[in-house]
Every structure is written in structure tokens, then in C-alpha cells.
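Now for the letters of each chain:
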Amino acid sequence: MPIGEINVVRKHLSTVKGGRLGRLSTARGVVLVISDVIGDELEAIGSAPLYRDRSSFADACDILKRYDLWPRLPASVTKALTRGLKGEIEDTPENENRRIDHRIIGSNSRLLAEAQQIALSFGIRSRIMTSSLRGEAREVARAIVAIGEEIIKTGHPFKGPIALIFGGETTVHVRGKGRGGRNQEMCLAALKEIGPRKGMTFLSAGSDGVDGNSDAAGAVVDFTSFEKAKNLKLQIDDYLNNNDSHTFLKQTGDLIYTGPTGTNVMDMNILYVGGEK
């Protein structure tokens, strides 16, 4: 379920989210916002306790039923949502409290801009491609590597060497029982596409320092990763099918460990396309 839909449910099970705290306050104030959602939508960030919410109890119920979760919910949850549908619980406020201002001080786009400046400091040409990356992690990885292939083959849309910088938040349809997260899954899927070819290096990491159910932030892979996997007789598809990217990348020594960073502005993905050097 996308985070926006999860937040619709959260807001209608809370006494403070979805603008409810703002409705209770008579104070003037400024909210300093660090965005962890695509598009920096204030209604979605942190479930917007001091802003507003244009979703409803009906929306929350529809979402839960669409994902076939309604029969699996605790009775206390279905009871609360049903009371809301009947108007027995006041819905979240549609309008923001005019006495409270919101200012975004941190976001994925700012993270990518900082990464670009660091790349330039090393003399690496770079382009920010998007801060709205989304979709199934392994499919997105294939698309990004395909751009790198085109650069190597034709010099379009940019000539190498160059670092292509992406940001956003992908999703993973979990079918296996392994360890990992969307960033590690992207790296493993990218490695499958890169294979033994030189000239491309792919990095994907979460800004919060914790990717999925692992202790890694993400990983960085290139043709040497493929060679190490081959020597270890690791089959990429086996690990992808079990959503076990962490175990694979730990064996090849390609994981990135930062520890929890204490903040979250989604993920960063970088494809460096260069020569054989």
C-alpha cells in the first residue's frame, strides 16, 4: 500500500493526525517540516497533525476493503471507523489553521542538490534526473540501467562520464522471506542488468540509514560485484525471488552501512556511467 493511503487510515485512527492537533490549538506558530514524501505534500508528511486533511472516514474504509484488510482488523479499529462513517466521530478538518504556517526545511530535492555539489567538487559531471522516482524497485532499476546503456552506446541523452542522480521512494512486492529493502533490491536488480560489463556503477541508499528489515542503508554495485558473485556461485534470481538482497550483497561486500541518521528525506540512487577506468 502506498504511504499516502496508509496515512489516510492512520489519520482516521488518531486524535492528533490529519490536522486534528491544529484544530485544538489557538496558538500562533510555525511548523518546520522535513519532507519524506514525493511531491512534498504537507497533508502527507508526518500525517499532518497541524495542517489539514481532505480525506474522510469513507476513504479510509474504502482503502482497507480494497486491499482486503477489513476482515483482518481488530474489532476496536473497525468499530472506530464505522462510528466515523456514521458521523459519531468528527472527521478530520478540511481547512488548515490560518494561525499556523508550514515551511519545508529539508526534502529529497535538497538532498539531491547537495549530492550534485559533492560530485562537482570531485570533478564529476552530474545531472539530477528526478526527485519523484517511484514504482516497483526492480523495474525502476532496469529502466535506470537502460539509460546508462544508451549513454554508452549513443551518447544520448548525455555524454559520459556522468553521474545520473535520482531520488524518491520505490516499493517492493514482497513474496519471499529474506532480508533487505527497496534500495538493496534495486541494487541487486541493477546488478543483474549490468552483469560483467564495465562502465556502470549503481548506488541506492535510504537517507534514514536503514533499508527495510536490514541494518544496511543500501548498497553500491558494478561489474566487480558480478565477478565476486560468480566466484561465490551466487545466483541473482534465487535471491531476488526470495527478496533476500541483503544476504547476497553482504557476501559480495557491497553493502553501505551508515547507521540510523536520525532523519528521513527518502532515498537517493546514482548511476555513474564512465569509461572502463
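Residues numbered from 1 in each chain as written. Predicted model: local features only at pLDDT ≥ 70, side-chain atom pairs only at ≥ 80, totals over all residues. Heavy atoms only, no water.

## Notes on the layout of surface pockets
Working step 1: Quantified by volume, the largest pocket comes out at close to 1000 Å³.
Working step 2: Along its surface, the largest pocket is lined by 37 residues, and Met1, Glu169, Thr170, Thr171 and Arg182 are the ones closest to its centre.
Working step 3: Top contributing element to the lining of the largest pocket by residue count: helix H1 (residues 3-11), with six residues.
Working step 4: Its residues assigned to classes, the lining of the largest pocket shows eleven nonpolar, 15 polar and eleven charged.
Working step 5: Estimates place the volume of the second largest pocket at around 220 Å³.
Working step 6: Every residue along the wall of the second largest pocket is listed here: Leu111, Leu203, Ala205, Gly206, Ser207, Gly209, Ala217, Ile256, Thr258, Thr261 and Met268.
Working step 7: With three residues, strand S5 (residues 200-206) is the single largest residue contributor to the lining of the second largest pocket.
Working step 8: Within the lining of the second largest pocket, the residues separate by chemical class into six nonpolar, five polar and no charged. (1 Å grid on protein atoms, 1.4 Å probe; cavity = no way out; pocket = protein on both sides within 12 Å on 5 of 7 lines; lining within 4 Å. Points joined across faces, edges and corners; volume = space filled by probe spheres on them. Helix = DSSP H or I, 4+ residues; strand = E, 2+ residues; numbered from the N terminus. Nonpolar A, V, L, I, M, F, W, Y, C, P; charged D, E, K, R; others polar.)

## Structural notes on the packing of H1 against helix H3 (residues 57-66)
Working step 1: At a minimum axis distance of 8 Å, the contact between H1 and H3 shows a crossing angle of 125°. Here H1 lies oblique to H3, going by the angle between them. Where H1 crosses over H3, the handedness of that crossing is left-handed. For the pair H1 and H3, the contacting residues are Glu5, Val8 and Val9 in the first and Asp59, Ala60, Ile63, Leu64 and Arg66 in the second. (Axes fitted to C-alpha atoms, helices over the stretch in contact; angles between N-to-C directions. Parallel < 35°, antiparallel > 145°, perpendicular 65-115°, else oblique. Left-handed = near helix turned anticlockwise from the far one by under 90°. Contact = heavy atoms within 4.5 Å.)

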